[in-house]
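# Notes for the structure review
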There are 2 protein chains.
Amino acid sequence: MQTTTLAMDKGGVELGSNLLSGVSLPAAVVHEGPLTHNVAWMQRFADAHGAYLAPHGKTTMAPALFQRQLQAGAWGITLATAPQCRAAYANGVTRLIMANQLVGQANMAIIASLLEQGATFYCVVDSQENVSQLGRFFAERGLTLAVLIEVGVPGGRCGCRSKQQILSLAEAIANEPALSLAGLEGYEGVVHGDNPETCVRAYAKQLVEVAVELEAAGRFSEANPMVTASGSAWYDVIAEAFDGAPLQGRFTPVLRPGCYVVHDHGLYREAQSAVLKRRPDLQQGLEPALEVFAQVQSLPEPELAIVALGKRDIGHDQFPIALQRFREGSELSHPLSVAGWEVTKLMDQHTFVRLPEAAQDVEVGDIVAFGASHPCLTFDKWRQLLLVDDKLNVKEHLATYF
Amino acid sequence: MQTTTLAMDKGGVELGSNLLSGVSLPAAVVHEGPLTHNVAWMQRFADAHGAYLAPHGKTTMAPALFQRQLQAGAWGITLATAPQCRAAYANGVTRLIMANQLVGQANMAIIASLLEQGATFYCVVDSQENVSQLGRFFAERGLTLAVLIEVGVPGGRCGCRSKQQILSLAEAIANEPALSLAGLEGYEGVVHGDNPETCVRAYAKQLVEVAVELEAAGRFSEANPMVTASGSAWYDVIAEAFDGAPLQGRFTPVLRPGCYVVHDHGLYREAQSAVLKRRPDLQQGLEPALEVFAQVQSLPEPELAIVALGKRDIGHDQFPIALQRFREGSELSHPLSVAGWEVTKLMDQHTFVRLPEAAQDVEVGDIVAFGASHPCLTFDKWRQLLLVDDKLNVKEHLATYF
């Protein structure tokens, strides 16, 4: 009775099915065209800036997407936790950056096992305490752990707050035989200020300067040490900072955007507009590839639709946006209007939509495609997403490992 | 490479492990003592009020918990969607209430398959359109679908808004040979007003009156038709309304609380206080059974701890609450203080905690148990939770099917 099959989760569906007939909804969908575009676009961007790409895999935790990113030229995959690294490695990802502190004996044991299996692995450190914990753990196992010092900002998240801390930490790492200092890491997404662009540029400059100083002091264990930063909002600014004389030919610059792979209909769409304003030469930018399809289940009052879609199905940092509507069983070429549809409330399994007075043609069962923001918190609601072609036929199951 | 094992998800852990040493954190934990107490407590409550219990399974989607609820005397399990019903049935639940409209051909096909396999199944209807869709679908398959009319409230969620609508819908159901009207359904959780208790009592009274009227009109297809309502906040008021002369011996009253099974540290704790204030005779109430354990990963500033716990690990309708702290590898009998700890921000994989000035003993790696609200949105972050005994040893994996 306790067998686990995909068909027992909400996403079970046969390949070849069409989203407008015969797929159990709600279902999370990745459109192959925009996906392919985005994967190639960001790789071209990194290449053009002399940077390596290690897309943040936490966004999707979908190994089939990791493989597309690697096949397009990605240098590795970034992850957030030890179990995520384990899942990625088990699915063929051999070069992993854990852009996070490795904490806890059990998590260290997961990584030790990956190292023993041959993984190339980096994690970040920002405290003497963690350095000595890691040093002890990996020394006892006769393993060497490559670490990156995390450079933070006051009021930010993790990371050293001063150059003095960074230099002391480099010394502490040098005193741990089981650790090797492989580079520097930062995340500009937690940098805030009145003028964000100025702050991010200053932060990127600081990363570069500290990297150069540590290299001059002989603190790195590798030739071409890594310098890595960037989410999906400021990758252009980071790439420009890494693409200058101080790092060229002497460092390994690595960009780690994650959300770009499917982009979104909210926060990152706005961020992308800002990128294209800063960098009009980039021309056609990223395209949203992720949607959740759901059905109207009730029309209990004249201007109210209740849709069978909830917090368990879609990211809800912002309310989902109704993008398209179809009658079930109809053709893709016959979309119905969602003009004026406004999501007003989201419960665990229900979405409230305020309809415009004119929306007289809505029926129970109508299929609505919703866009969301941000993508990470939609992916983690699903054990599999559906990769669809431009006719909304299901081409592939994208299994996730959260 | 594409094999799916539990060890590839974040929750993989060996039975017998202790949460304070050797379990990869974060991990979601159900404490067996409070769980057992809650399961028995609510069953006693239902029994004492002459009601059947069909706990809402959407809360946990953990069949091992469904089995505990059924073994304690539950009449059936309530679910929210067709795939949830499929998962419950595949795990041995044979009597299912889907407290939601059944919409879409693929979802209808899932339920048709359950009926063909022998499931006892009820879903709700609130529109002529849905009634005719269901009537057509199930007639074509030679099956009979038992439906409950949903009674809503103006400004609420789904459900008929007037008695006239209910009577018309009953007539429409009578005209569909493949449908049988098995009772009435409501959900008082969406009833709002200046005096919520008065509104909920009025709503419960309305449910009873309409049920009696429909019965008198011969609209129900079964002897002892079902009348069902109640979440985990107003179950006492609903039970009292169902436990009167109008329904006794002639109807099947069914309560459907879900969150009670693990209770919580927020919304439902407050709701439970209100229940016990209304009903001091109930004495010792529910106990919180669900926690998420995580580790401090960084102490980047004097009064700031960053914990490796995020929106992907714990419900975040409210900020999580730090309940207990331990040094990794220490004994349960040596808890450390979390007095004054305050969660100020939650990101996908990180929690920001403001520490009191006095918190000088915090170390990277410290294990912190967090309480959350509400439980449904913590369960769905995990493919398995860990059932632990009072020594925090892992006794059982609670697999979930979202």
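In this text the structure is predicted, and so the values were computed from the model without any measurement.

### Quick word on the overall build of chain A
When helices and strands are counted, chain A shows ten helices and 17 strands. Computed over its C-alpha atoms, the radius of gyration of chain A comes to 23 Å, within 12% of the 21 Å expected for a compact globule of 402 residues. Dimensions of chain A, computed from the C-alpha atoms along their principal axes, are close to 70 × 55 × 35 Å. Expressed as a percentage of the 402 residues in chain A, the buried residues total 63%. Within chain A, contacts between residues separated by at least 24 positions form 73% of all contacts whose residues are at least 6 apart in sequence. Within the structure as shown, chain A displays about 14000 Å² of accessible surface, and the carbon and sulfur contribution to it stands at 50%.

### Details of the packing of aromatic side chains
All names here are of chain A. Applying the stated criterion across every chain yields a total of 14 aromatic pairs over all chains. Between the aromatic rings of Trp41 and Phe45, the centroid separation amounts to 6.1 Å while the plane-to-plane angle is 5°, which identifies the pairing as stacked. Placement of the pair is Trp41 and Phe45 together in helix H1 (residues 32-48), with a separation of four residues, close to one helical turn. The pair Trp41 / Phe45 is uniform in exposure class, with both members buried. The rings of Trp41, Phe45 and Tyr235 are connected pair by pair, giving a single aromatic cluster.

### What about the interface of chain A and chain B?
Taken together, the contact pairs 77 residues of chain A with 77 residues of chain B. Here chain A is connected to chain B by eight salt bridges. The closest approach of N and O atoms between Asp380 of chain B and Arg312 of chain A, which form a salt bridge, is 3.1 Å. When residues of the side of chain A that touches chain B are traced back to their parent elements, those giving at least two are helix H3 (82-90), strand S4 (95-101), helix H4 (105-117), helix H5 (128-140), strand S10 (290-301), strand S11 (304-307) and helix H10 (376-379) of chain A. When residues of the side of chain A that touches chain B are assigned to their parent elements, the largest contribution, seven residues, is made by S10 of chain A. Split into classes, the residues belonging to the side of chain A that touches chain B amount to 29 nonpolar, 31 polar and 17 charged.

### Quick word on the sheet that holds strand S5 (residues 120-125) of chain B
All names here are of chain B. Taken together, the eight strands give an open sheet; going across it, the order is S2-S9-S8-S7-S6-S5-S4-S3, and neighbouring strands pair in parallel fashion. Because the sheet does not close on itself, it has two edges, and the strands there are strand S2 (52-53) and strand S3 (77-79). Across five bridges, strand S4 (residues 95-101) lies against S5 in parallel orientation. Following the sheet pairing, Met98 is matched in S5 by Cys123. Contacting S3, S4 and S5, helix H3 (residues 82-90) crosses the sheet at an angle of about 170° to S4. In the packing of helix H8 (residues 235-242) onto the sheet, contacts are made with strand S8 (226-229) and strand S9 (252-255), and the angle to S9 comes to roughly 175°.

### Here's the deal with the environment of Arg141 of chain A
All names here are of chain A. Residue placement: Arg141 occurs in the loop between H5 and strand S6 (145-151). When its relative accessible area of 39% is taken as the criterion, Arg141 is described as partly exposed. Between the C-alpha atoms of Arg141 and Ala178, which are 37 residues apart in sequence, the distance is 9.1 Å. Only 3.1 Å separates the side chain of Arg141 from the backbone oxygen of Phe137, close enough to count as a polar contact.

### Let's talk about H3 of chain B
All names here are of chain B. Taking burial as the measure, the nine residues of H3 include eight buried ones, the bulk of the element. Taken as a whole, H3 has its buried residues at Ala82, Pro83, Gln84, Cys85, Arg86, Ala87, Ala88 and Tyr89. Elements that come into contact with the buried residues of H3 comprise helix H2 (63-71), S3, S4, helix H4 (105-117) and S5. Its side-chain oxygen placed 3.1 Å from the backbone nitrogen of Gln84, Thr81 serves as the N-cap of H3. Taken from the residues just after H3, Gly92 is the one with a positive phi, measuring 95°.

### Considering the domain arrangement of chain A
Residues and elements named next belong to chain A. Taken domain by domain, chain A holds domain 1 (1-34 + 265-402) and domain 2 (49-257). Averaged C-alpha coordinates put domain 1 and domain 2 at centres separated by 34 Å. Contacts between the two partners involve 18 residues from domain 1, matched on the other side by 21 residues from domain 2. Between domain 1 and domain 2 the total buried area reaches about 1600 Å² when both faces are included, carbon and sulfur atoms providing 58% of it. When the buried area of domain 1 at its contact with domain 2 is split by residue, Arg278, Arg279 and Tyr401 rank highest and sum to 36% of it.

### Description of the side chain of Arg279 of chain A
Along the polypeptide, Arg279 of chain A turns up in the loop between helix H9 (267-278) and S10. Not counting residues within four places of it along the chain, the set of residues in contact with Arg279 of chain A comprises Phe45, His49, Asp236 and Glu240 of chain A.

### A closer look at the pairing of strand S10 (residues 290-301) of chain B
Residues and elements named next belong to chain B. For S10, a buried count of ten out of twelve residues is recorded, marking the element as mostly surrounded by other parts of the structure. Judged from the four bridges that link them, strand S1 (residues 27-31) and S10 form a sheet pairing that is antiparallel. Across the sheet, the residue bridging to Ala27 is Phe293, located in S10. Sheet analysis places S10 next to strand S15 (residues 367-371), joined by four bridges and oriented antiparallel. Bridge pairing in S15 links Phe293 to Ala369. Pairing analysis gives three bridges linking S10 to strand S11 (residues 304-307), with the strands arranged antiparallel. Within the sheet, the bridge partner assigned to Glu301 lies in S11 and is Leu304. Hairpin remark: S10 followed by S11, antiparallel, with two residues in the connecting loop.

### Details of the state of the cysteines
Inspection of the entire model under this criterion finds zero disulfides over all chains. Among the cysteines around Cys376 of chain A, which has no disulfide bond, Cys259 of chain A carries the closest sulfur, lying 3.7 Å off. Owing to a relative accessible area of 1%, Cys376 of chain A belongs among the buried residues under this scheme. Among the cysteines around Cys158 of chain B, which has no disulfide bond, Cys160 of chain B carries the closest sulfur, lying 10 Å off. For Cys158 of chain B, a relative accessible area of 3% corresponds to the buried category.

### What about the sheet that holds strand S7 (residues 179-186) of chain A?
Residues and elements named next belong to chain A. Sheet architecture is open: eight strands sit in the order S2-S9-S8-S7-S6-S5-S4-S3, paired in parallel fashion. Each of the sheet's edge strands pairs with one partner strand only, and the pair in question is strand S2 (52-53) and strand S3 (77-79). With respect to the sheet, H3 is in contact with S3, S4 and strand S5 (120-125), its orientation differing from that of S4 by roughly 170°. Strands S5, S6 and S7 of the sheet are contacted by helix H6 (residues 163-174), whose axis makes an angle of about 170° with S6.

### Let's talk about the relation of the copies chain A and chain B
Between the two copies, chain A and chain B, the superposition gives an RMSD of 0.0 Å; the rotation angle is 180° and the shift along the axis is 0.0 Å. Put plainly, the chains are arranged around a two-fold axis. Closest approach to the rotation axis among the C-alpha atoms of chain A is made by Lys381 of chain A, whose C-alpha sits 3.7 Å away. Interface residue correspondence from chain A to chain B reaches 100%, placing this contact among same-surface, isologous pairings.

Each value, and the rule that gives it
Residues numbered from 1 in each chain as written. Chains lettered and ligands numbered in written order. Predicted model: local features only at pLDDT ≥ 70, side-chain atom pairs only at ≥ 80, totals over all residues. Heavy atoms only, no water. Helix = DSSP H or I, 4+ residues; strand = E, 2+ residues; numbered from the N terminus. Rg over C-alpha atoms; globule rule 2.2 N^0.38 Å. Buried < 20%, exposed > 50% of the residue type's maximum accessible area, 1.4 Å probe, protein only. Contact = heavy atoms within 4.5 Å. Areas by Shrake-Rupley, 256 points an atom, 1.4 Å probe, with all protein chains shown as cover. Phe/Tyr/Trp six-rings, centres within 6.5 Å; stacked < 30°, edge-to-face > 60°. Salt bridge = Lys/Arg side-chain N within 4 Å of Asp/Glu carboxyl O. Nonpolar A, V, L, I, M, F, W, Y, C, P; charged D, E, K, R; others polar. Pairing = 2+ DSSP bridges. Axes fitted to C-alpha atoms, helices over the stretch in contact; angles between N-to-C directions. Polar contact = N/O pair within 3.5 Å; in protein donor to acceptor, adjacent residues only side chain to side chain. Domains from an automatic or database assignment. Buried area = accessible area lost by both parts, 1.4 Å probe. Disulfide = S-S within 2.5 Å. Least-squares fit on C-alpha atoms with pLDDT ≥ 70 in both.

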